[in-house]
Structures are given as structure tokens and as C-alpha cells.
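The primary structure of each chain is shown beneath.
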Amino acid sequence: MISPRQHAISLVAVFLALAVGLFLGSGFIGDQVNSLTGTSRDRLGDLEKQRDELNEQVNAANSFGAAVAPRLIDGTLKGQSVLVVTTPDAADPDVDAVKESISSAGARFSGQIALTDALVRDQNAEQLRTIVDQTIPPGTTLRAELTDSGGRIGDLIGALALRRDGQSGATAGDTRLGLQALREGGFIQYADNAVSEADLVVVVAGDALAGDAGAQGQLVGRMAAAMAARGQGGALVGRTGSATGGSPIAVVRSDPSLGNAVSTVDNVDQQTGRITTILVLAQESDGKTGAYGTGPGARAITVGGESGPAA
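Now for a description of the structure that goes with this document. Remember, predicted model here, so these are calculated numbers, not experimental data. (Residues numbered from 1 in each chain as written. Predicted model: local features only at pLDDT ≥ 70, side-chain atom pairs only at ≥ 80, totals over all residues. Heavy atoms only, no water.)

**Examining the overall build of the protein**
Each helix and strand in the protein was counted, giving eleven helices and nine strands. Restricting to contacts in the protein with at least 6 residues of sequence separation, those with at least 24 account for 74%. A total accessible area of about 14,000 Å² is found for the protein, and carbon and sulfur atoms account for 48% of it. (Helix = DSSP H or I, 4+ residues; strand = E, 2+ residues; numbered from the N terminus. Contact = heavy atoms within 4.5 Å. Areas by Shrake-Rupley, 256 points an atom, 1.4 Å probe, with all protein chains shown as cover.)

**Considerations on the pairing of strand β2 (residues 108-115)**
Bridge analysis of strand β1 (residues 81-86) against β2 gives five bridges, and the strand direction is parallel. Among the inter-strand pairings, Val-84 is bridged to a residue of β2, identified as Gln-112. One crossover worth recording links β1 to the parallel β2 by way of helix α3 (residues 92-104), and it is right-handed. Two strands pair when backbone bridges link them, and β2 and strand β3 (residues 188-189) are joined in this way by two bridges, in the antiparallel orientation. (Pairing = 2+ DSSP bridges. Right-handed = clockwise from strand over helix to strand, strands pointing away.)

**Quick word on the pattern of salt bridges**
Throughout the structure, instances matching the rule amount to ten salt bridges. A salt bridge links Glu-145 to Arg-143, with the shortest nitrogen-to-oxygen separation between them at 2.9 Å. Residue Glu-145 is classed as exposed on the basis of its relative accessible area of 52%. A salt bridge links Asp-266 to Arg-253, with the nearest nitrogen and oxygen atoms 2.9 Å apart. With Asp-266 in the loop between β6 (263-265) and α11 (271-285) and Arg-253 in helix α9 (residues 248-254), this pair connects stretches of sequence that are 13 residues apart. Arg-253 carries the same exposure label as Asp-266, and that label is buried. In this structure, a network of salt bridges that share partners links the residues Asp-94, Arg-239 and Arg-274. (Salt bridge = Lys/Arg side-chain N within 4 Å of Asp/Glu carboxyl O. Buried < 20%, exposed > 50% of the residue type's maximum accessible area, 1.4 Å probe, protein only.)

**A closer look at the nonpolar core**
Of all hydrophobic cores here, the largest spans 40 residues; its most connected members are Leu-83, Val-85, Ile-113 and Ile-188. If one sorts the elements of this core by residue count, helix α8 (residues 216-230) sits on top with seven residues. Beyond its immediate sequence surroundings of up to four residues, Val-85 is in contact with Ile-113, Leu-115, Val-201, Val-202, Val-203, Val-204, Met-223 and Met-227. (Core = buried A, V, L, I, M, F, W, Y, C linked by side-chain atoms within 4.5 Å.)

**What about the packing of helix α6 (residues 149-161) against α8?**
Between α6 and α8, whose axes approach to 7 Å, the crossing angle comes to 30°. Compared by their axis directions, α6 and α8 come out roughly parallel. In the crossing of α6 with α8, the sense of the turn from one axis to the other is right-handed. Across from Ser-149, Gly-150, Gly-151, Ile-153, Gly-154, Asp-155, Ile-157, Gly-158 and Ala-159 in α6, the residues of α8 making contact are Leu-219, Arg-222, Met-223, Ala-226, Met-227 and Arg-230. Here the residues of the contact of α6 with α8 sort into seven nonpolar, five polar and three charged. (Axes fitted to C-alpha atoms, helices over the stretch in contact; angles between N-to-C directions. Parallel < 35°, antiparallel > 145°, perpendicular 65-115°, else oblique. Left-handed = near helix turned anticlockwise from the far one by under 90°. Nonpolar A, V, L, I, M, F, W, Y, C, P; charged D, E, K, R; others polar.)

**A closer look at the pairing of strand β5 (residues 233-237)**
Within β5, five of the five residues are buried, leaving the element largely enclosed by the surrounding structure. Neither face of β5 is exposed, since Gly-233, Ala-235 and Val-237 on one face and Gly-234 and Leu-236 on the opposite face are all buried. Two strands pair when backbone bridges link them, and strand β4 (residues 200-204) and β5 are joined in this way by five bridges, in the parallel orientation. Its bridge partner lying in β5, Leu-200 is registered against Gly-233. Inspection of the sheet shows β5 paired to β6 by three bridges, in the parallel sense. Residue pairing in the sheet places Leu-236 in a bridge with Thr-264 of β6.

This is the structure we're talking about:
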């Protein structure tokens, strides 16, 4: 069977071309065109032609990725189950693509939990703390060092909905009551009877956060890490550009304790990122974690680069 490393090697050239094409097509050439004056504007046609050619290469790379993705990830997560958690700014096409990839990889989809604005903005911290304290499953103790809202809610949802090999998780009744309390408090949303115990979790975020987002990135990043530690592992994924500023992926990559607990992928809006998300989950099942994509802090464009042990 072809290993994830071999998968990565076969795709690196194509996806590097994709990354470079996106950079050139969306930014550099546009800046050059805008700066042209006088006789230099005669070059406008040449630059536009170059841009169009690069866009064609990007489209070809995405088409190639879409064509080979099923073959690359087929059976990668066979026997595993995956919970999907979404932030309020997660793009629906990304979420749908991740869920489709999970199914194509042979895993069982364990349901979807949507975080609300009230949760990520930490608007009702005291109410959340009360609910968390009252819904801890019997026989479970939350990690004492997790005192922030993101860490505590991630630890609780992980205790309710995730499991590790050799350990028993919460009962179905405790999971139902705990999630229901969080939903009634306005902190999460999910469909009735649609969430079941999972081995792995993938948290789907959106673009880079705005400058006035406050501590949202800290909350989501810490939540993802705490949640992943309750199961076999997990991934925090975002769109191109999501590894900058105070966004969740940037927060995780800037803190080794978080980066060792959950893997990150910063280009899930591209086919390469969707493939990498599945390979990352498979790697997490084997006890390894890493940072992948094209943004700041990424160790490699996809699985196959240097990685460290998962927490």
C-alpha cells in the first residue's frame, strides 16, 4: 500500500505550482499592472496574458487534485470515526468537502457540531462555566490546568463525544444530556440524534480573523487542542491565509503545547488542503502531529515532512 510519504512526494510538485500560481495570479501581477504608467502600459497585455496562463495552471492543479484525491485517500481512515466541529465563519463548501473526504477515506461520520458566535466571542463566560461544571460525565475529571473558556469547553466536548483506544467514553445518555445543555445555553448547534462517539475530530474554521476579533482565535485554538487530546487526535483546518494574525491556526502554531496536541492545515479551501486533512487524521491515529499548508508556521505542504509526537 502506498504510504502517506509517497503520496506527499508525488503531489508536492503540483501543489507547489498551485501555491506559487495563487500568489502570483492574485497579488504580484495585479500590483504590477496597477503601477504601470505612460509607455510602460504597453506591457499590460503581456502581464494579463501571463496572469491568465497562471490561472489556467492553478485550475489544472485543482482539477488534478480532485481527480486523484479519491485514489489517494481511499481506505486511509478505514475503521475510524470522525466528528466535525465548525466555527461560525467556516465556509459551507469547505465543510461539505471535508465530510465527503471523510466518507471517501472509509471513516464513519460521527456528526457535526456548530459553535455559535456567543461561544467563540466568549460573551457569557460565567454561564458557560456553570454549564460545563454541571455536565461533566460521571467518572470524568476535566484537566485542572485548563482554566480558560476554550480549554474547558474543548475538554468537555471531547469527554462527551470522543474516545481513546483502551478507554471507555461517556455513555450515550451522558453525551445527549451534556450536548443538550450546551445547545440550550446557546453555545453549540447540532441535529438531534446526529452526534455519536468518535475517534477523531476535525475543527473547520474560516479565513483569517479581522483585527477586531479579540480573543476568538485563542478560544478556538485552545478548544481544538483540548478536544483532540480526548480522542485519538484531531486537526484544525482553515482557508488560505488562516495562519496569520490572531487566527486559531496562528495561535496553535505559536504555542508548542497546542501544536503538539492538534495538527493544523491552512488551505482547506484548496484540493491539496482537503487531501492533507485526511492524511493528517490518519497520521494523528498513529500518534503524530504536524503543521501543513502554505502559510506561516507550516512545516510542509502536506504530510511527509518533519513532525513531532502527538500529546
